[in-house]
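Summary of the model geometry
Listed below, chain by chain, are the residues.
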Amino acid sequence: MGGADLRDRPSSTPVVLLGERVVQGGLDHIMIDNVAAAELATRHLIDLGRQRIAAIGDQFDESRQTGRLRTQGYTAALRTAGMELMPELIRPTEFFHRADGAAAMAELQGPDRQARRTTAPQPPGRR
């Protein structure tokens, strides 16, 4: 459903949108503060002593601002902690789908690390 569909719906039933896309047209909309959430999550990892923290899901398309907002929070947390921003750890994805995240993570891990993960011994009964 798009914005026009929601605006022009024949029903007078109240509608509240939940999610990240902002639809113009006077409908109530509930969403999180993506910048603050990503900053908090990144700060948590920093507090745990992590040094190489990746941001997966950055999006360059202006119509998809969620990824950009989360990347802003990520970079703000790194700056506040005095950590170097490593652009190679920011990985864009086309969509927010599990497969896109897994592909980005595999790229970050590199072929050597990925090979070690797939050949690690399995516990008994889990083959």
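Residues numbered from 1 in each chain as written. Predicted model: local features only at pLDDT ≥ 70, side-chain atom pairs only at ≥ 80, totals over all residues. Heavy atoms only, no water.

The next subject is helix α3 (residues 65-80). Between its first and last C-alpha, α3 extends 23 Å over 16 residues, near the 22 Å set by a 1.5 Å rise per residue. Of all the positions in α3, only T66, G67, T71, G73, Y74, T75, A76, A77 and L78 are classed as buried. Summarising the contacts, the buried residues of α3 are in contact with α2 (34-47), β3 (55-58) and β4 (90-92). Downstream of α3 by a residue or two, G82 has a phi angle that is positive, lying close to 75°. (Helix = DSSP H or I, 4+ residues; strand = E, 2+ residues; numbered from the N terminus. Expected span 1.5 Å × (residues − 1). Buried < 20%, exposed > 50% of the residue type's maximum accessible area, 1.4 Å probe, protein only. Contact = heavy atoms within 4.5 Å.)

Chain-level pLDDT for the protein is 79 on average; 76% of the residues reach the 70-or-more range. Of all helices and strands in the protein, the one with the weakest mean pLDDT is helix α1 (residues 3-7) (69), whereas α2 scores best (96). Considering only residues more than four positions removed or in separate chains, one finds that residues 114-123, a stretch of pLDDT under 50, has four contacts. (pLDDT = per-residue confidence, 0-100.)

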